[in-house]
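Residue-level structure breakdown
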Amino acid sequence: MRATAVRAAPASAPAVSPATRRRRRTGSLLGLAAWLCGIAFFLPVAWMVLTSFHSEADAAANPPSVGAGLTLHGYREFFGAGTGVSPWPPLVNSLTASVASTLLVLVLAVPAAYALSIKPVRKWSDVLFFFLSTKMLPLVAGLLPVYLIAQNTRMLDNIWLLVILYTSMNLPIAVWMMRSFLAEVPVEMLEAASIDGAGLPTTLVRIVAPVALPGIAATALISFIFSWNELLFARVLTGIVAGTSPVFLTGFVTSQGLFLAKVCAAATVISLPVLAAGFAAQDKLVQGLSLGAVK
């Protein structure tokens, strides 16, 4: 007898329920909406970068000329080729104020968040509300008292005054963020460290910091961005010595008019440190901002 091969009938694909199809359709629509929002937020940045490579005549054209010739004239003007004014002192001042204030914020926020999350103090909710209430006052409302204090203490046009102000401005947000991050640290690890005789500094450095590193990176990056972009206090409290890069950027708006290509070139260069920091810490930023979410 000749053996006949029996082929198994192909298994039919499982039927997709209407609820599953609706979820897939909703997910696709949400993904499309997210892409459209991302493109909408990115287009002004892309237009700024493109305009920075145009001449002033092409940048001021109406309607805008997308295919105009490219030039580095705006960047040469920003770096002082025509004016002799160097942008490096304001950039160094911004870097100094942002980095120093961010380090101080972390040094103060991590122990405070530890006391509010892992070792809760009495009436800790009132403490958190007090931190949050400091952000309810408009910055301009406190400008005159701060100016008078700086004038009486001879701290005007001093970069360390900005370090103190940026630290106090970013500390409430940093405490709130770090509290949510540190609340995810396993209590068992802290109990084991306490049994082994680890003190508070050792616990913070060797136990808490490695576990909460994504949250610390996210908090540091946000504090750095807020400090780098701050303009109001830097514009009023500084002058020639301690002027920051946003203050330097406003100097391109003169009585002769707005030189759009030069302003876009300056804004592009000044934005690069923040973009570089965000790109370098993007994985930690995503982990930190999603820490504590529903899993």
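Parameters and conventions
Residues numbered from 1 in each chain as written. Predicted model: local features only at pLDDT ≥ 70, side-chain atom pairs only at ≥ 80, totals over all residues. Heavy atoms only, no water. Helix = DSSP H or I, 4+ residues; strand = E, 2+ residues; numbered from the N terminus. Buried < 20%, exposed > 50% of the residue type's maximum accessible area, 1.4 Å probe, protein only. Contact = heavy atoms within 4.5 Å. Areas by Shrake-Rupley, 256 points an atom, 1.4 Å probe, with all protein chains shown as cover. Expected span 1.5 Å × (residues − 1). Bend = angle between axes of the 7 residues up to and from the residue. Phe/Tyr/Trp six-rings, centres within 6.5 Å; stacked < 30°, edge-to-face > 60°. Lys NZ or Arg CZ within 6 Å of the ring centre and 35° of its normal. 1 Å grid on protein atoms, 1.4 Å probe; cavity = no way out; pocket = protein on both sides within 12 Å on 5 of 7 lines; lining within 4 Å. Points joined across faces, edges and corners; volume = space filled by probe spheres on them. Nonpolar A, V, L, I, M, F, W, Y, C, P; charged D, E, K, R; others polar. Salt bridge = Lys/Arg side-chain N within 4 Å of Asp/Glu carboxyl O. Patch = residues over 30% accessible without salt bridge, like charges linked within 9 Å, V, L, I, M, F, W, Y side chains within 5 Å. Lys, Arg positive; Asp, Glu negative; His and termini not counted. Charge placed at Lys NZ, Arg CZ, Asp CG, Glu CD. Axes fitted to C-alpha atoms, helices over the stretch in contact; angles between N-to-C directions. Parallel < 35°, antiparallel > 145°, perpendicular 65-115°, else oblique. Left-handed = near helix turned anticlockwise from the far one by under 90°.

On to the overall build of the protein chain, then. Across its full length, the protein chain carries 14 helices and 2 strands. For the protein chain, with 295 residues in total, the buried portion stands at 33%. For the protein chain, long-range pairs separated by at least 24 residues make up 75% of all intrachain contacts whose partners lie at least 6 apart in sequence. A total of about 18,400 Å² of accessible surface is found on the protein chain, and carbon and sulfur atoms cover 70% of it.

The next thing to look at is helix α1 (residues 18-52). Taking 1.5 Å as the rise per residue, α1 with 35 residues should run 51 Å; its terminal C-alpha atoms sit 51 Å apart, in good agreement. In α1, a bend of some 30 degrees at Phe42 exceeds every other bend along the element, and Pro44, a proline, comes one to four places later.

Enumeration according to the criterion identifies 5 aromatic pairs in this entry. Aromatic ring contacts, followed pair by pair, group Phe78, Phe79, Trp88 and Phe248 into a single cluster. Lying across the ring of Phe259, Lys262 places its NZ or CZ 4.8 Å from the centre.

This brings us to the layout of surface pockets. One water molecule sets the probe size; rolling that probe over the atoms shows where empty space is left. Taken as a whole, the second largest pocket spans an internal volume of roughly 290 Å³. In terms of lining, the second largest pocket is formed by Thr134, Lys135, Leu137, Pro138, Leu139, Gly142, Val146, Leu165, Ser168, Met169, Pro172 and Phe233. A per-element tally of the lining of the second largest pocket places helix α7 (residues 159-182) first, with 4 residues. Tallied by class, residues from the lining of the second largest pocket come to 8 nonpolar, 3 polar and 1 charged.

Quick look at helix α9 (residues 200-211) now. Compared with an ideal rise of 1.5 Å per residue, which puts 12 residues at 16 Å, α9 spans 15 Å between its outermost C-alpha atoms and is within 8% of the ideal. On the buried face of α9, the contacting elements are α4 (88-117), α7 and α8 (187-195).

Now for empty space enclosed by the protein. A full pass over the atoms with the stated rule returns 1 cavity of 30 Å³ or more. Reported here for the largest cavity is a volume of approximately 30 Å³. Together, Asn170, Ile173, Ala174, Met177, Thr219, Ile222, Ser223 and Phe226 line the largest cavity. Secondary-structure elements contributing two or more residues to the lining of the largest cavity are α7 and α10 (213-229). Here the lining of the largest cavity is built from residues that sort into 5 nonpolar, 3 polar and no charged.

For the rest of this paragraph, the subject is the pattern of salt bridges. For the structure on display, the rule yields 1 salt bridge. Glu77 is the partner of Lys262 in a salt bridge, and the nearest nitrogen-oxygen pair spans 3.8 Å. Of this pair, Lys262 sits in helix α13 (residues 260-280) while Glu77 sits in helix α3 (residues 73-78), placing them 185 residues apart in sequence. Of the two residues examined, Lys262 and Glu77, each falls in the buried class.

Looking now at a positive patch on the surface. Taken together, the side chains of Arg21, Arg22, Arg23, Arg24 and Arg25 present a region of like positive charge at the surface. Mapped onto the elements of the fold, Arg22 is located in helix α1.

Phi at Arg154 is positive, roughly 60 degrees, even though this residue is not glycine. Note on placement: Arg154 falls in the loop between α6 (143-152) and α7. Of note, Asp157 is a non-glycine position whose phi angle comes to about 60 degrees, a positive value. Counting through the fold element by element, Asp157 comes out in the loop between α6 and α7.

Moving on to the packing of α7 against α10. One way to put it is that α7 packs onto α10 with a least axis distance of 10 Å and a crossing angle of 155 degrees. Regarding the angle of α7 to α10, the classification is roughly antiparallel. Crossing angle aside, the handedness with which α7 passes α10 is right-handed. Where α7 abuts α10, its residues Tyr166, Asn170, Ile173, Ala174, Met177, Met178 and Phe181 lie against Gly215, Ile216, Ala218, Thr219, Ile222, Ser223, Phe226 and Ser227.

Once that is clear, we can look at the packing of α10 against α13. It is at 10 Å that the axes of α10 and α13 come closest, and there the two elements cross at 175 degrees. As far as their axial angle goes, α13 and α10 are roughly antiparallel. Residues Leu221, Phe224, Ile225 and Trp228 of α10 pack against Ile270, Pro273, Val274, Ala277 and Gly278 of α13. For the contact of α10 with α13, a count of residues per class yields 8 nonpolar, 1 polar and no charged.

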